[in-house]
Amino acid sequence: MMIIICIIAIMIGNVEIHAQFPDRVGMPDCDAISADQPGLVWGVSCMMTPGYLSIADPAQGTVSGDDASFAIGPADKAVISLGDGGSAIITFQRPITDGPGADFAVFENAFDDYFLEFAFVEVSSDGKHFVRFPSTSLTQAKQQIGPFMRIPDVRALHNLAGKYRAGYGTPFDLSELKDSIGIHLQSITHVRVIDVVGSIDKQFARYDGKGNIINDPWPTPFSSCGFDLDGIAVINEQNIIGDQLSFAPNPVYAGHNGGMVRVLEGAQELSVYSMQGEYIREGIDGNIQSAGLPGGVYIVKGIQNGQLRSGMLMIMP
Ligand SMILES: [Ca+2]
Ligand SMILES: [Ca+2]
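Residues numbered from 1 in each chain as written. Chains lettered and ligands numbered in written order. Predicted model: local features only at pLDDT ≥ 70, side-chain atom pairs only at ≥ 80, totals over all residues. Heavy atoms only, no water.

### So, the coordination of the calcium ion (ligand 1)
So, point 1. Of the protein atoms, only Asp98 (OD), Gly99 (O), Gly101 (O), Asp103 (OD), Asp103 (OD) and Asp173 (OD) coordinate the calcium ion (ligand 1), at distances of 2.3 to 2.7 Å.
So, point 2. Because the angles between the six donor atoms bound to the calcium ion (ligand 1) fall within 51 to 179°, the donor set is best described as irregular.
So, point 3. For Asp173, a relative accessible area of 19% gives the class buried. (Donors = N, O, S within 2.8 Å, 3.2 Å for Na, K, Ca; no water. Tetrahedral: all angles 85-135°; square planar, octahedral: opposite > 155°, others 65-115°. Buried < 20%, exposed > 50% of the residue type's maximum accessible area, 1.4 Å probe, protein only.)

Shown next as structure tokens:
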């Protein structure tokens, strides 16, 4: 009997969505983060990799690439449009940490609760190894959602940025990545946002964490196509230990970001020593040059807020 029901369901083809995730802004179970929530801190740098105007016709080229500053600072509806499959990496003044509940939120500029575009979200604690939040899209993938068509029910979506309208961020909780390797959940320095494309054509489709095709408005061969990143807000920011220098990223791969490590909160007269106390090199404009240093743990000393402080920096080979 069960088998027959299953076969009928497959034949009908349009099985009801099992809506199981929070609903749109204004509904009681909505988990969106308002851009006006007190205490949010926002991204400070953005590096964008433009996607195609249409992934089905690469000859049309990529999106022109908006002013990257539109994706940093508070969400203000000035955005960068990623294009089909495009991405952006945002960094922060201090690392994000896994605190209670959602740890950061990603803001898009949808003008209402239904005309939505989605993006994968990945995090890194060294700018090199990124781990993707396991996403879910239970929206049907039999009929393409066209460029001006509605997303039927946001309760079918989880861990995809862009679920909520402008001014309301999609929350991400680092504890969902606790079984991941290669990242430190207490020191996330980079968030990468990647347009999901949205085509249901298997040549171009992108898949959620369970292998479902993600269906969102497509094709959209406009200069403003793809996910529109407005900003990323940090909810749980790493506390800086008062009397120690802290670095971002830490640990760091020797060649990361041109081999530069930033000293959080700023410091002057930086110098780098081996664990045996041997002087190695000076800092440069508040940064440590990690390129060329063998893998290992180093002691960095510097003047911060008028006091001599030190901290430990780990360089990965
Ligand atoms: Ca958390
Ligand atoms: Ca913005």
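### Focus: the coordination of the calcium ion (ligand 2)
So, point 1. For the calcium ion (ligand 2), the full set of protein donor atoms is Phe70 (O), Asp76 (OD), Ala78 (O), Asp230 (O) and Asp230 (OD), and the range of their distances to it is 2.2 to 2.4 Å.
So, point 2. Sequence spacing of the donor residues for the calcium ion (ligand 2), all on one chain, is F-x5-D-x1-A-x151-D.
So, point 3. Classification of Ala78 by relative accessible area gives partly exposed; the value is 23%.

### A word on the sheet that holds strand β7 (residues 119-124)
So, point 1. Pairing in this open sheet of five strands is antiparallel, and the strands run β3-β5-β12-β7-β8 from one edge to the other. Among the strands making up the open sheet, the edge pair consists of β3 (45-49) and β8 (131-132).
So, point 2. Here β7 pairs with β8 via two bridges, running antiparallel. Along β8, the bridge assignment pairs Val123 with Val131. (Pairing = 2+ DSSP bridges. Helix = DSSP H or I, 4+ residues; strand = E, 2+ residues; numbered from the N terminus.)

### Some points on the pattern of salt bridges
So, point 1. Scanning the model with the defined rule gives seven salt bridges in all.
So, point 2. Measuring nitrogen to oxygen at the nearest pair gives 3.0 Å for the salt bridge that ties Arg94 to Glu265. Here Glu265 lies in the loop between β17 (260-263) and β18 (268-274) and Arg94 lies in strand β5 (residues 87-96), a separation of 171 residues in the sequence.
So, point 3. Of the charged contacts, one joins Glu122 and Arg192 as a salt bridge, the two residues approaching to 2.9 Å between their closest N and O atoms. Pair noted here: Glu122 is in strand β7 and Arg192 is in strand β12 (residues 188-195), with a separation of 70 residues, a long-range link.
So, point 4. With a relative accessible area of 7%, Glu122 lands in the buried category.
So, point 5. When salt bridges that share partners are traced, they join Arg94, Glu237 and Glu265 into one network. (Salt bridge = Lys/Arg side-chain N within 4 Å of Asp/Glu carboxyl O.)

### A few points about unusual backbone geometry
Outside of glycine, negative phi angles account for most residues, and trans bonds account for most peptide bonds.
So, point 1. A cis geometry characterises the amide bond from Trp218 onward to Pro219, with omega recorded as -5°.
So, point 2. Inspection of the secondary structure assignment puts Pro219 in the loop between β12 and β13 (228-229).
So, point 3. In this structure, Asp285 takes a positive phi of about 50° despite not being glycine.
So, point 4. In this fold, Asp285 is placed in the loop between β19 (279-282) and β20 (287-289).

### Let's talk about the environment of Val123
So, point 1. Structurally, the position occupied by Val123 is in strand β7.
So, point 2. Other than its neighbours up to four places away in sequence, Val123 contacts Phe104, His129, Phe130, Val131, Phe133, Leu174, Leu177, Ile183, Ile188, His190 and Val191. (Contact = heavy atoms within 4.5 Å.)

### Quick notes on the side chain of Asp153
So, point 1. Mapped onto the secondary structure, Asp153 falls in the loop between β9 (136-137) and β10 (157-158).
So, point 2. Taking the relative accessible area as the measure of exposure, Asp153 reaches 17% and is therefore buried.

### With respect to the nonpolar core
So, point 1. One finds Phe104, Val106 and Leu229 to be the most contacted residues of the largest nonpolar core, which totals 32 residues.
So, point 2. Elements with a contribution of two residues or more to this core: β3, β5, β6 (104-107), β7, β12 and β14 (231-234).
So, point 3. Residue contributions to this core peak at four residues, all from β5.
So, point 4. Residues in contact with Leu229, not counting those within four places in the same chain, are Phe70, Ala71, Ala78, Val79, Ile80, Ala88, Ile90, Val106, Phe107 and Val193.
So, point 5. Judged by nonpolar contacts, the second largest core, of 15 residues, contains Leu245, Ala254, Leu270 and Ile288. (Core = buried A, V, L, I, M, F, W, Y, C linked by side-chain atoms within 4.5 Å.)

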